[in-house]
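Descriptive analysis of the structure
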2 protein chains.
Amino acid sequence: MQTATARRAAAVPAAAKRPRGRPRKTVDERDDGNRRRKLILGAARLFRRKGFDGTSTRDIAAAAGMQSGSPFYHFESKQALLFAVMEQGMRHAVERQEQAIAAAGMDRLRPPEQLRLLVRNHFEILLGPGSDFIPVMLYEARSITARQHAALSELRSTYEAAWEPVLQALHASGRLKADVKLARLMIFGALNWSVQWFDRRKEASLDDLTQAALSLFIGEKA
Amino acid sequence: MQTATARRAAAVPAAAKRPRGRPRKTVDERDDGNRRRKLILGAARLFRRKGFDGTSTRDIAAAAGMQSGSPFYHFESKQALLFAVMEQGMRHAVERQEQAIAAAGMDRLRPPEQLRLLVRNHFEILLGPGSDFIPVMLYEARSITARQHAALSELRSTYEAAWEPVLQALHASGRLKADVKLARLMIFGALNWSVQWFDRRKEASLDDLTQAALSLFIGEKA
DNA sequence: CCTACCGATCGGTAGG
DNA sequence: CCTACCGATCGGTAGG
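Residues numbered from 1 in each chain as written. Chains lettered and ligands numbered in written order. Predicted model: local features only at pLDDT ≥ 70, side-chain atom pairs only at ≥ 80, totals over all residues. Heavy atoms only, no water.

For chain A, an unreviewed UniProt entry supplies the name TetR family transcriptional regulator and the organism Ramlibacter pallidus.

This is the structure we're talking about:
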């Protein structure tokens, strides 16, 4: 219904209805974008809850209000859809981290507070609202191709690059005693593992988690 | 072939061939035990590499040298086989930890060295030879029933119970600054995550990992 | 994007 | 434990 209406509206010259602003995309493209996004969102939720192999493309279609064959109009394969989920998740994570760094004026903070900022933001990405994308990326890596994996690794490097100087500085000042490379891997382990046990409805808040992490890694008190 | 030979041997009175020792089980039971173990071992490997949903019971049968329907002679269902993998992994882990504690005379060690012992042993269980069981248990929890999950939780509590007094002591002495409960979750996260990146063939050894973990958590130097 | 469909594969079972 | 098989489901496609 909505589509039919939109199509009819598109027959009217655009200028008659939208005199200002730059030209919009055609209706078809707009719809396609929405449907595509809806598929990705639903797939993220399902992949997280039931795993990639445990989710059928029919499940995903139903979640997006489509018929069983329709996802393949938008994505070449189920695997391509998985990759889209992961890629979008990583792009979003990189973006949010950049924003958090910029908003806090991170270079003015001392290293312990820099780490706090990064950890807190990481928990947000991992456990905050709409946080299915990164867990899928973390736990379904097995199901993508080597080429796709390489593309994601680049985004991951970008994300992790922001942590490196902070950890180096903490190591140099003696606050972080462990080897920096292994410390980074273990820190991400400690944080990423939280998706296994964190329950938004009870117990600790993201602030509590952040504080515990800081205390654990660099003995930083509240 | 082997089976046929064994069956023929069984027709000979046991006393004629084994004059001493307590009576053995019948050949059928012995074989069943071997086949069962072989299925569990192969399933552990496959579940780890391809995931529970990505592994077919035919794969598992082939890995054990059986025909496609035969695993169901030994296990009620694919899920029961998964549970068997997890349960055996946890029982083995609990056993090994108890042995490590006894062998080291842990109560004579000071808390930092107690933690070192537990961490080192945990890495061994997680990353040492034949270490597919625990990763499967950690990453395929989604695919077992609530009842099975409860049974494993008990074993897990037993395993974790050994860590609690150590962490408490470290907290009391100021070495561990973080909240003990959250610290425990994050420590296990840091350790368990290593199955995602650790490569036995290169870089760090299990001793290196242990040292890095100790440095990170309680600032303990080499 | 839907309809209708395909070949392949899956977990599991009966009967021996 | 094998043989032979079942119904269900799966990812994906042609044609509109």
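A few points about the overall build of chain A
The helix and strand inventory of chain A stands at 13 helices and 0 strands. Secondary structure elements of chain A occur, N-terminal to C-terminal, as α-α-α-α-α-α-α-α-α-α-α-α-α. Here chain A holds 222 residues, and 45% of them are scored as buried. Excluding contacts between residues fewer than 6 apart, the proportion of contacts in chain A whose partners are at least 24 apart in sequence is 72%. As displayed, chain A has an accessible area near 12200 Å², and 49% of this comes from carbon and sulfur atoms. (Helix = DSSP H or I, 4+ residues; strand = E, 2+ residues; numbered from the N terminus. Buried < 20%, exposed > 50% of the residue type's maximum accessible area, 1.4 Å probe, protein only. Contact = heavy atoms within 4.5 Å. Areas by Shrake-Rupley, 256 points an atom, 1.4 Å probe, with all protein chains shown as cover.)

Points about the side chain of Glu220 of chain A
Residue and element names in this part refer to chain A. Mapped onto the fold, Glu220 is located in the segment after α13 (206-218). No salt bridge is formed by the buried Glu220; the nearest opposite charge belongs to Arg175, separated by 4.2 Å. If we skip the residues at most four places from it in the chain, Glu220 touches Pro112, Glu113, Arg116, Arg175, Gln211, Leu214 and Ser215. (Lys, Arg positive; Asp, Glu negative; His and termini not counted. Salt bridge = Lys/Arg side-chain N within 4 Å of Asp/Glu carboxyl O.)

With respect to the protein's contact with DNA strand D
In the vicinity of DNA strand D there are 15 residues, among which Lys78 of chain A together with Arg35, Ser70, Tyr73 and His74 of chain B approach most closely. Restricting attention to atoms of DNA strand D within 4 Å of the protein, one finds that 57% of them are sugar or phosphate atoms. Contact between DNA strand D and Lys78 of chain A: a phosphate oxygen at 2.7 Å from a side-chain N or O atom of the residue. The set of elements that each furnish at least two residues to the surface near DNA strand D consists of α4 (57-63) of chain A together with α5 (71-74) of chain B. (Near = heavy atom within 4 Å. Polar contact = N/O pair within 3.5 Å; in protein donor to acceptor, adjacent residues only side chain to side chain.)

A few points about the relation of the copies chain B and chain A
For the match of chain B to chain A, the screw axis carries a shift of 0.0 Å, the RMSD comes to 0.0 Å, and the turn is 180 degrees. Seen this way, the second copy is the image of the first under a two-fold rotation axis. Among all residues of chain B, the one whose C-alpha sits closest to the rotation axis is Ala190 of chain B, at a distance of 2.1 Å. (Least-squares fit on C-alpha atoms with pLDDT ≥ 70 in both.)

Comments concerning the packing of helix α10 (residues 164-172) of chain B against helix α11 (residues 180-192) of chain B
Residue and element names in this part refer to chain B. For the pair α10 and α11, interaxial distance at closest approach is 10 Å and the crossing angle is 120 degrees. With respect to α11, the axis of α10 lies oblique. When you trace α10 past α11, the crossing you get is right-handed. Between α10 and α11, the residues in contact are Glu164, Leu167, Gln168 and His171 and Val180, Arg184 and Ile187, respectively. Classifying every residue of the contact of α10 with α11 gives 3 nonpolar, 2 polar and 2 charged. (Axes fitted to C-alpha atoms, helices over the stretch in contact; angles between N-to-C directions. Parallel < 35°, antiparallel > 145°, perpendicular 65-115°, else oblique. Left-handed = near helix turned anticlockwise from the far one by under 90°. Nonpolar A, V, L, I, M, F, W, Y, C, P; charged D, E, K, R; others polar.)

Quick look at helix α9 (residues 146-161) of chain B
One full turn of an α-helix is made of 3.6 residues, so residues set three or four places apart face in the same direction. All names here are of chain B. The end-to-end C-alpha distance of α9 is 22 Å, a good match for the 22 Å that 16 residues give at a rise of 1.5 Å each. The complete set of buried residues in α9 reads Gln148, Leu152, Leu155, Tyr159 and Glu160. Down the axis of α9, the sector holding all buried residues measures 140 degrees, keeping them to one side. Across from the buried face of α9, at angles greater than 90 degrees, the exposed residues are Ala146, Arg147 and Glu154. Those residues of α9 hidden inside the fold are in contact with α6 (78-104), α7 (111-127), α8 (133-139), α10 and α11. (Expected span 1.5 Å × (residues − 1). Arc of directions from axis to C-beta.)

A closer look at the protein's contact with DNA strand C
Near DNA strand C you find 16 residues, and of these Arg35, Ser70, Tyr73 and His74 of chain A together with Thr57 of chain B are the closest. In DNA strand C, atoms within 4 Å of the protein come from the sugar-phosphate backbone in 57% of cases. Separating a phosphate oxygen of DNA strand C from a backbone N or O atom of Gln67 of chain A is a distance of 3.0 Å. Contact distances for DNA strand C include 3.2 Å between a phosphate oxygen and a backbone N or O atom of Thr55 of chain B. Every element with two or more residues in the surface near DNA strand C is listed here: α5 (71-74) of chain A together with α4 (57-63) of chain B. Class assignment of the residues belonging to the surface near DNA strand C gives a composition of 3 nonpolar, 9 polar and 4 charged.

Some remarks on the side chain of Ser143 of chain B
One can find Ser143 of chain B in the loop between α8 and α9. When neighbours within four sequence positions are excluded, Ser143 of chain B is seen to be in contact with Phe52, Asp53, Gln79 and Leu82 of chain B.

So, the pattern of salt bridges
Residues and elements named next belong to chain A. Enumeration over the complete set of coordinates arrives at 22 salt bridges over all chains. Ionic pairing is found between Lys50 and Asp59, a salt bridge with its closest N-O pair at 3.0 Å. A residue is classified by how much of its surface remains accessible, and Lys50, at 29% relative accessible area, is partly exposed. A relative accessible area of 26% means that Asp59 is categorised as partly exposed.

A short note on the UniProt feature "domain: HTH tetR-type" (unreviewed entry) in chain A
Per the UniProt record, the feature "domain: HTH tetR-type" (unreviewed entry) sits at residues 33-93 of chain A. Taken end to end, residues 33-93 of chain A has its terminal C-alpha atoms 21 Å apart, with 74% of it in helix and 0% in strand. (UniProt positions renumbered as here; feature names shortened; annotations may be inferred.)

Section: the UniProt feature "DNA-binding region" (unreviewed entry) in chain A
UniProt annotation of "DNA-binding region" (unreviewed entry) refers to residues 56-75 of chain A when read in the numbering used here. Across residues 56-75 of chain A one finds 55% helix and 0% strand; the C-alpha atoms that close the span lie 14 Å apart.

Topic: the nonpolar core
With 135 residues, the main nonpolar core has Trp163 of chain A together with Trp163 of chain B as its most contacted residues. Once you skip the residues sitting within four places of it in the chain, Trp163 of chain B turns out to touch Gln97, Leu115, Leu118, Val119, His122, Ile187, Phe188 and Leu191 of chain B. (Core = buried A, V, L, I, M, F, W, Y, C linked by side-chain atoms within 4.5 Å.)

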